[in-house]
Amino acid sequence: MSFVTCLKCIDCSPACEFEKQALYVCDDCFGPLEPSYDYERIKEELTIDKISKRPKNMWRYKELLPIDNEPTVGMNTGFTPLIKANNLAEVLGVKNLYIKNDGVNFPSLSFKDRVVAVALSKAIELGFDTVGCASTGNLANSVAAHSASAKLNSFIFIPSNLEEAKILGTSIYGKNVIGVNGNYDEVNRLCTEVIGSNKWGFVNINLRTYYAEGSKTVGYEIAEQLGWKAPKNIVVCMASGSLLTKIYKSINELVDLGLVEDNQTKIYGAQASGCSPISTAVKNGWETFKPVKPDTIAKSLAIGNPADGLNAINLLNDINSYSEDVSDDEIVSAMKLLAETEGIFTETAGGVTLGCTIKMLENGKINKDEDLVLVITGNGLKTQDPLVNNIKKPFIINPKLDEFNKIKY
Ligand SMILES: *Cc1c(COP(=O)(O)O)cnc(C)c1O
Ligand SMILES: [Zn+2]
């Protein structure tokens, strides 16, 4: 059933074409690779009617995902709620606001469940029995969970100073978890060396070409959940920058396939000020980013040398879009605001998305009268540490009615 013909280099395509394999950079220019799809055939095969009749998970768009056989991992992943956020819209003065809530994704409560589902389905096709990743946290959770149910061995590398909940939420699955005394960029470099001497499939390294495509399902779902309509504006937080570029790609694919009308969709980036190589480049009009040493509570976004940073910058510049960054305090405020208005407890990364959105509404980069979708990528239960001293504590009383009646609210 495959609609993928080959892999091509993003930077020098279509000149260089590669066989489908565990290859992630171009031999010629070291640029990132991308699967090449036979869109003509997809256009003939894939209809809204066909998609609508399929189970409500990310694989309902399987023709647009880079696997050759039926999917084997992630059969319950995706199709997370798109929420009409009227309360928050009122506070922000926005006409039509939606929250795509991947904080309730399956199995591990973040958008990473999508990319891992694709990477591991592909790993199984390619014959790997051992997989792994270099992670800022959510990827570790997802690779551990998905590899457990897929009966794959896995080696999961994380910075040793991650949030307790993210470490526990990885270790519970009984896989090999390696905490490295270093930041993500150092963990990633180590993993590149590890797979050099082992025949393993690392989802965000040698399987990255396939992995990254899983992010497109966020965009397909948003369009379908809006009634097969492309939104005008989307805000996405960025670590490597991959999710942002792939959501944009997904909307354009739907337009090209004739499944939605072109709405000149614009996508906006969001980063934490303590790790904002992409946003800083965009705000300053630089053509590329300067790597940074991350220092932020948004640990899931703490990539100082982002693999898709250049792609993200080029895209945001090409479409005349923008990107913002917010301080740790602004992140916490935004997490609280989302919880208090919409009943959604997001992790620090979601605070980054909302915090940056508020800034871009204030400085006029985003038009309040156009419909706006915020992509909330992770769950607040995983990043509670920064909230502990910022949240109203419960009233503690003895089980006596008069003590309850005496509480001053
Ligand atoms: C990984 C991650 C992102 C961003 O991913 P990239 O594709 O690397 O930009 C966003 N939000 C959360 C919660 C994540 O874990
Ligand atoms: Zn190339």
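Only a predicted model underlies this, so the values are computations on that prediction, with no experimental measurement involved. (Residues numbered from 1 in each chain as written. Chains lettered and ligands numbered in written order. Predicted model: local features only at pLDDT ≥ 70, side-chain atom pairs only at ≥ 80, totals over all residues. Heavy atoms only, no water.)

Draft legend 1. Just the site of ligand 1, in detail. Neighbouring ligand 1 are 15 residues, the closest being K112, N138, S240, L243 and T377. At 2.9 Å, a backbone N or O of A239 approaches an oxygen atom of ligand 1. In the environment of ligand 1, a nitrogen atom lies 2.7 Å from a nitrogen or oxygen atom belonging to the side chain of T377. Burial of ligand 1 by the protein amounts to 97% of the accessible area it has alone, namely 380 Å². The pocket occupied by ligand 1, as judged from atoms lying within 2 Å of grid points, is the largest cavity. Partitioning the shell around ligand 1 into residue classes produces seven nonpolar, six polar and two charged. (Near = heavy atom within 4 Å. Polar contact = N/O pair within 3.5 Å; in protein donor to acceptor, adjacent residues only side chain to side chain. Areas by Shrake-Rupley, 256 points an atom, 1.4 Å probe, with all protein chains shown as cover. 1 Å grid on protein atoms, 1.4 Å probe; cavity = no way out; pocket = protein on both sides within 12 Å on 5 of 7 lines; lining within 4 Å. Sits in = over half its atoms within 2 Å of the grid points. Nonpolar A, V, L, I, M, F, W, Y, C, P; charged D, E, K, R; others polar.)

Draft legend 2. Quick peek at the sheet that holds strand β8 (residues 176–180). With parallel pairing, the four strands of this open sheet are ordered in space as β8-β7-β6-β9. Each end of this open sheet is capped by a strand with a single partner; those strands are β8 and β9 (201–202). Alignment of strand β6 (residues 130–134) against β9, held across two bridges, turns out to be parallel. Along β9, the bridge assignment pairs G132 with F202. Strands in contact with helix α5 (residues 138–149) are β6 and β7 (153–159); relative to β6, the strand with the most contacts, it is inclined by about 170 degrees. Packed on one face of the sheet, helix α7 (residues 184–196) meets β6, β7, β8 and β9 and runs near 150 degrees to β7. (Pairing = 2+ DSSP bridges. Helix = DSSP H or I, 4+ residues; strand = E, 2+ residues; numbered from the N terminus. Contact = heavy atoms within 4.5 Å. Axes fitted to C-alpha atoms, helices over the stretch in contact; angles between N-to-C directions.)

Draft legend 3. Spatial organisation of the domain arrangement of the protein. Looking at the assigned domains, one finds that the protein contains domain 1 (1–37) and domain 2 (82–108 + 213–387). Placing the centre of domain 1 and that of domain 2 at their C-alpha centroids yields a distance of 27 Å. With five residues of domain 1 at the interface, the matching set in domain 2 holds six residues. For the pair domain 1 and domain 2, the summed buried area comes to about 370 Å², and 43% of that belongs to carbon and sulfur atoms. Taken together, the residues of the side of domain 1 that touches domain 2 break down into four nonpolar, no polar and one charged. (Domains from an automatic or database assignment. Buried area = accessible area lost by both parts, 1.4 Å probe.)

Draft legend 4. Representation of the pairing of strand β10 (residues 233–237). Within β10, five of the five residues are buried, which leaves it mostly tucked inside the rest of the structure. Every second residue of β10 is oriented toward a common face, with N233, V235 and C237 on one face and I234 and V236 on the other, all of them buried. Bridging between β10 and strand β11 (residues 266–272) involves five bridges; their strand directions are parallel. Bridge pairing in β11 places V236 opposite G269. This β-α-β element, β10 to helix α10 (residues 242–256) to β11, shows right-handed connectivity. Two strands pair when backbone bridges link them, and β10 and strand β13 (residues 372–376) are joined in this way by three bridges, in the parallel orientation. (Buried < 20%, exposed > 50% of the residue type's maximum accessible area, 1.4 Å probe, protein only. Right-handed = clockwise from strand over helix to strand, strands pointing away.)

Draft legend 5. The layout of surface pockets, seen in detail. Of the volumes computed, that of the largest pocket is approximately 1100 Å³. What lines the largest pocket is a set of 41 residues, and nearest its centre among them are P32, R208, A307, D308 and N311. Sorting the residues of the lining of the largest pocket by element identifies β3 (33–37), α7, α8 (208–213), α10 and α12 (309–318) as the ones contributing at least two each. A class-by-class count of the residues in the lining of the largest pocket yields 17 nonpolar, 13 polar and 11 charged. Two domains each provide a minimum of three residues to the lining of the largest pocket, namely domain 1 (1–37) and domain 2 (82–108 + 213–387). (Points joined across faces, edges and corners; volume = space filled by probe spheres on them.)

Draft legend 6. The packing of helix α4 (residues 112–125) against α5, seen in detail. Two numbers describe how α4 lies on α5: the axes approach to 9 Å, and their chain directions differ by 45 degrees. Compared by their axis directions, α4 and α5 come out oblique. For the pair α4 and α5, the crossing hand works out as right-handed. Side by side, α4 and α5 meet where K112, D113, V116, A117 and L120 of the first sit next to N138, L139, S142, V143, H146 and S147 of the second. A class-by-class count of the residues in the contact of α4 with α5 yields five nonpolar, four polar and two charged. (Parallel < 35°, antiparallel > 145°, perpendicular 65-115°, else oblique. Left-handed = near helix turned anticlockwise from the far one by under 90°.)

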